[in-house]
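Spelled out from the first residue to the last, the chains are:
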Amino acid sequence: MEQQYVIGVIVANVSGVLSRVSGMFTRRGFNIDSLTVGETESSGFSRITIAFHGDEDIKERILQQLQKLHDVREVEVLDNKDTVIRELLLIKVRNKAEIRQDIMTAVEIFRSKIVDYSPTSLTCELTGETSKIDAFIELLKPFGIMEMCRTGIVAIERGENCLKTVK
Amino acid sequence: MKISGAKIVVETLIEQGCDTIFGYPGGQVIDLFDELYSAESRIKHIIAAHEQGAAHAADGYARSTGKVGVVIATSGPGATNLVTGIATAYLDSVPMVAITGNVACSLIGRDSFQEVDIVGITMPITKHNFIVKDIKELADTLRTAFKIAKSGRQGPVLVDIPQDVQQALCEYESNAQPVIPYPLTFASEDKLQKAAALINSCEKPYIYFGGGVISGKASQQVTALAEKIDAPLGCSLMGLSAVSCDHPRFLGMQGMHGHFASTVAQNEADLVIALGVRFSNRAAGDDSRYPKHTSIIHIDIDGAELHKNVPADVAIKGDLHDSLERLIAMAEEKKHPQWWERIGQLRTEEKTHTAAALSAAKARRGGRKLSPYEIIDAISSRAGEDAVIVTDVGQHQMWTAQRYPLKKPRTFLSSGGLGTMGFGLGAAVGAACATGRRCILFTGDGSFGMDLCELATAVSQKLPITVVIMNNGVLGMVRQMQTLFYDKRYSNTTLDRSTDFAKLAEAFGAKGGHAASAEELEKLADEALSCNTPFVIDCEVDSDELVLPMLPNGGSIDDMITEIK
């Protein structure tokens, strides 16, 4: 059955590693919904969070292929129920007197933050799960979105469980 | 004492046990070649005619010995010329280290003369690759390259070394021993138990093995298992030579152009035991090829192969040699007389099909020219079991795979996965340099046109290479598909060349002859196989010869073509 999977990948922090990981997806014909990468608590390693859609079989093949890459140290499927998943959105909308109050209400309800204010534009910051981000964007659409960018998801397991390579 | 990066490369290669390497000089590897000049007595470098030939030679060296093959090329075009050779090795899991020079670090990224991003280009066709920008990491990077190349499922690794790194100076300490591979993965007991249970309860087992049996040194275990559980054996192209062709249980290569008996037996089996294979679409089709009631056990060192092309009932990641030893101990001794009765029928049917196809071909030929099998028989009857048989890609490759009596592992070198025309002569050069034994290249006039420049290398190295060209004047494999599926519209497969290959051989400094009749062939075969230098036999073959049987792409077993009237 097709579903979204989120995987955490610990890789050696070396040049080209992102190409190798994303290149594997391209070459094998797998699609990436979201990919983020950043440093970890250990300087020699980076953590890549990848979300993709597929069935159990596709998921297994992706894990196997990732594990074969020399720079990949750890791969784990993060259990949706036991994982905190977050995404960051920056979104710029028109600043007009007649809609300002509506925007402010949306910002308040979604616990978003105004991070830039100019006579003609308003920029909001929002973190949350993908569905929350999507809902916020939908809400702002009628007000005229000037531009937006979102980070893609990062994810970490709840509780004691850690995705670590340096043991 | 500080030594140059170039010297570190040479010393590390020697430390890793390299005796012969292949390559081609150029502007960005001049320092490396300068060091090779000083080290001539300790490591031999063979200069090929083309970098692609050098890469195939390193591949042939590795396939014929099991050691890591090494190829060196300069930056830019030197490096891109390696690409087909590296991809060929990658698809057939051949251990290789490719070393390329690159422009100095300060010039990288500026589209400098002869600069390409060879690391980027070869990323999807290597197990791993490196660019070394810090000389302090050079020796260890090379060692890691060897380690990766020969670990687990083997394959090529590329190391790109900018010129300034070759010229810089650094302390170097030699390793006493070549690096040892990463530890092997061993099959879990539980999975093996499940496999044994399937084996013990099946009625019609069939063992399908591939190249993993050769690289995993498991030939004896494969035949021992077959004997204990009373199973027939069939293989992929890459598996050929792992089990002697005269083993009574061996039915031959299976698949698109495989033997009738093995291909049908695989389809009728109630249990397929797949060993060191990847269920390539050419050898095993897709899962629609297998009836629903067929169980599949799949053992491979590469976990990513399990369930990749065909889902298995029991999928085991592990070293084949060890897995089979343990599996043999768990399996019960069995006899399957009914199954063997059926196998006997298939073998008889195969003989009938082959005879019919051969006599139809003979009638078409009308007594002119030579039949492919007749050519192979004339050579094999004179060659001896130790000769290394090499092929290019096309009809001649399939005829050789079907017919040549291969008896010992690593005596059959062929580009199975990538299907690289132009692989053969380079690979034969590499195998001849590595083994010192006679190498026989079966090729076609199409393929030979792509690698004939390596005759120069074969001559300069005085190698005992016999080239047998099945010259039909056409690109036969594609033509065959045009004959069968494209209404005989022979678009661009008729070569219409007038190359005289015997004279060409002489022009290169080799010997050569032309055979159009059995007598001419016998005479030339005698001469060629008693000659210890390159000899080219140009054999006339009819352009309408077909490779049969043929299982059309995506077809089921019922679509098999065994005869064309």
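Residues numbered from 1 in each chain as written. Chains lettered and ligands numbered in written order. Predicted model: local features only at pLDDT ≥ 70, side-chain atom pairs only at ≥ 80, totals over all residues.

1. Things to note about the overall build of chain A
This is how the line gets drawn: Numbering of helices and strands starts at the N terminus; helices are DSSP runs of H or I of at least 4 residues and strands are runs of E of at least 2. Exposure criterion: with C-beta atoms placed from backbone coordinates, a residue whose C-beta has 20 or more other C-beta atoms within 10 Å is buried, one with 12 or fewer is exposed, and one in between is partly exposed. Each residue is represented by a C-beta atom placed from its backbone, and any two residues with such atoms within 7 Å are regarded as in contact.
The helix and strand tally for chain A stands at four helices and nine strands. In chain A, the succession of helices and strands from N to C terminus is β-α-β-β-α-β-β-α-β-β-α-β-β. Seen along its three principal axes, the alpha-carbon backbone of chain A occupies a region of about 55 × 35 × 30 Å. A total of 167 residues make up chain A; the buried ones form 22% of that total. In chain A, of all internal contacts separated by at least 6 residues, the share reaching a separation of at least 24 is 75%.

2. Considering the overall build of chain B
Keep this limit in mind: Atoms counted for the radius of gyration: C-alpha only. Globule rule: 2.2 Å times the number of residues to the power 0.38.
On a plain count of helices and strands, chain B comes out with 22 helices and 20 strands. Against the 2.2 N^0.38 benchmark of 24 Å for 565 residues, chain B shows a C-alpha radius of gyration of 24 Å, consistent with a compact globule. A principal-axis box enclosing the C-alpha atoms of chain B has dimensions of 75 × 60 × 40 Å. Of all 565 residues assigned to chain B, the portion counted as buried reaches 56%. Considering only residue pairs separated by 6 or more positions, chain B has 78% of its internal contacts joining residues 24 or more positions apart.

3. What about the domain arrangement of chain B?
Bring the parts together and some accessible area is lost; that lost area is often taken as the interface size. Residue and element names in this part refer to chain B. The following threshold applies: Each domain's limits were defined by an automated method or a database of domain assignments. Here the term charged refers only to Asp, Glu, Lys and Arg, the term nonpolar to Ala, Val, Leu, Ile, Met, Phe, Trp, Tyr, Cys and Pro, and the term polar to all other amino acids, Gly among them.
Domain annotation of chain B identifies domain 1 (2–171), domain 2 (189–344) and domain 3 (369–541). Once you take the C-alpha centre of each, domain 1 and domain 3 turn out to be 29 Å apart. In this assembly, 24 residues from domain 1 lie in contact with 27 residues from domain 3. When residues of the side of domain 1 that touches domain 3 are assigned to their parent elements, the largest contribution, eleven residues, is made by helix α3 (residues 51–65). A breakdown of the residues in the side of domain 1 that touches domain 3 according to their chemical character gives nine nonpolar, twelve polar and three charged.

4. A word on the pairing of strand β12 (residues 271–275) of chain B
All names here are of chain B. Applicable threshold: Strand pairing requires that DSSP identify at least two bridges connecting the strands.
Within β12, five of the five residues are buried, leaving the element largely enclosed by the surrounding structure. The two faces of β12 match: Leu271, Ile273 and Leu275 on one face and Val272 and Ala274 on the other face are all buried. Of the strand pairs in this sheet, strand β9 (residues 205–209) and β12 are connected by five bridges, and their pairing is parallel. Bridging from a neighbouring strand, Phe209 pairs with Leu275 of β12. The pairing of β12 with strand β13 (residues 295–300) spans five bridges and is parallel. Looking across to β13, one finds that Leu275 is bridged to Ile299.

5. Quick word on the packing of helix α1 (residues 5–15) of chain B against helix α6 (residues 138–150) of chain B
Two packed helices can be described by the angle between their axes and the distance between those axes. All names here are of chain B. Threshold: To obtain an axis, a line is fitted to C-alpha atoms, over the contacting stretch when the element is a helix, and the angle between two such axes runs from 0 to 180 degrees between their N-to-C directions. Helix crossings get a hand from a simple test, with the near helix turned counterclockwise from the far one by less than a right angle marking a left-handed crossing and a clockwise turn marking a right-handed one.
With their axes 9 Å apart at the nearest point, α1 and α6 run at an angle of 35° to one another. The handedness of the crossing between α1 and α6 comes out as right-handed. Along its contact with α1, which presents Gly5, Ile8, Val9 and Thr12, the element α6 presents Leu138, Ala139, Leu142 and Arg143. Class assignment of the residues belonging to the contact of α1 with α6 gives a composition of five nonpolar, two polar and one charged.

6. Examining the interface of chain A and chain B
Across the contact, twelve residues belong to chain A and nine residues belong to chain B. Mapped by element, the contributors of at least two residues to the side of chain A that touches chain B are α1 (17–28) and α2 (56–68) of chain A. Classifying every residue of the side of chain A that touches chain B by side-chain character gives no nonpolar, six polar and six charged.

7. Quick word on the confidence of the model for chain B
Note the cut-off: Note: pLDDT gives the predictor's confidence per residue, expressed from 0 to 100.
Looking at chain B as a whole, its pLDDT mean stands at 96, while 99% of the residues score no less than 70. Here the prediction assigns the complex a pTM of 0.96, and the interface score ipTM is 0.90.

8. Considering helix α22 (residues 518–529) of chain B
Residues and elements named next belong to chain B. The following threshold applies: To estimate the expected span of a helix, count its residues, drop one, and scale the result by 1.5 Å. As used here, the arc belongs to the directions running from the helix axis to the C-beta atoms.
Across its twelve residues, α22 extends 16 Å between first and last C-alpha, which sits within 8% of the 16 Å expected from 1.5 Å per residue. Inspection of α22 places Leu521, Leu524, Ala525, Ala528 and Leu529 among the buried residues, and these make up the whole buried set. Down the axis of α22, the sector holding all buried residues measures 115°, keeping them to one side. Those residues of α22 that are exposed and aimed more than 90 degrees away from the buried face are Glu519 and Asp526. In this structure, the buried side of α22 is in contact with α15 (372–383), β18 (465–471), β19 (511–515) and β20 (535–540).

9. Examining the sheet that holds strand β15 (residues 388–391) of chain B
All names here are of chain B. Reading across from one edge, β16-β15-β17-β18-β20-β19 is the order of the six strands in this open sheet, with parallel pairing throughout. Single-partner strands in this sheet number two, and they are β16 (412–413) and β19. Relative to β18, strand β17 (residues 439–444) is paired through six bridges, and the arrangement is parallel. Of the residues in β18, the one forming a bridge with Ile440 is Thr466. Strands in contact with α15 are β17, β18 and β20; relative to β18, the strand with the most contacts, it is inclined by about 165°.

10. Quick word on the nonpolar core
Keep this limit in mind: The term nonpolar core refers to a set of buried Ala, Val, Leu, Ile, Met, Phe, Trp, Tyr and Cys residues connected through C-beta atoms within 7 Å.
Within the largest apolar cluster, 182 residues are counted, with the highest numbers of intra-cluster contacts made by Val71, Val97, Ile207, Val222 and Ile537 of chain B. In terms of residues, this core owes the most to one element, helix α17 (residues 424–435) of chain B, which gives eight residues. Setting aside residues up to four positions removed in sequence, Val222 of chain B forms contacts with Ile207, Phe209, Val213, Leu233, Ala242, Val243, Leu275 and Leu324 of chain B. Counting residues in each nonpolar core, the second largest holds 18 residues, with Val9, Phe45, Leu78 and Ala155 of chain A among its members.

11. Some thoughts on the pairing of strand β6 (residues 128–131) of chain B
To keep things clear, this is the line we draw: Assignment of crossover handedness uses the view with strands pointing away from the viewer, where a clockwise path from the first strand over the helix to the second indicates a right-handed crossover.
By the alternation rule, side chains of β6 of chain B split into His128 and Phe130 of chain B and Asn129 and Ile131 of chain B, which are all buried. Read as a crossover between parallel neighbours, the route from β6 of chain B over α6 of chain B to strand β7 (residues 156–162) of chain B is right-handed.

12. Some remarks on the sheet that holds β12 of chain B
Residues and elements named next belong to chain B. Taken together, six strands build an open sheet; the order of strands is β11-β10-β9-β12-β13-β14 and the sheet is parallel. Taken across any chain shown, the strands that pair with only one partner, and hence form the sheet edges, are β11 (250–253) and β14 (314–317). In this sheet, adjacent strand axes meet at a mean angle of 15° when their direction is disregarded. Helix α8 (residues 189–201) contacts β9, β12, β13 and β14 of the sheet and is inclined by roughly 140° relative to β14.

13. A few points about unusual backbone geometry
Residues and elements named next belong to chain B. Residues Leu548 and Pro549 are joined by a peptide bond in cis, for which omega reads 0°. Inspection of the secondary structure assignment puts Pro549 in the segment after β20. Despite not being glycine, Lys369 shows a phi value in the positive range, around 60°. Along the chain, Lys369 turns up in the loop between α14 (337–365) and α15. The exposure class of Lys369 is partly exposed, given the 18 C-beta atoms found within 10 Å. Positive phi is not limited to glycine here, since Lys488 has a value of about 55°. When you line up the elements, Lys488 lands in the loop between α20 (476–485) and α21 (501–508). Under the C-beta neighbour-count criterion, Lys488 is labelled exposed, with 9 such atoms within 10 Å.

14. A closer look at the environment of Met450 of chain B
In this fold, Met450 of chain B is placed in helix α18 (residues 445–451). Along the backbone, Met450 of chain B and Ile328 of chain B are 122 residues apart, and their C-alpha atoms lie at a distance of 45 Å.

15. Quick notes on the environment of Lys335 of chain B
Turning to its location among the elements, Lys335 of chain B is positioned in the loop between α13 (320–330) and α14. Along the sequence, Lys335 of chain B and Phe22 of chain B sit 313 residues apart, while their C-alpha atoms lie 50 Å from each other.

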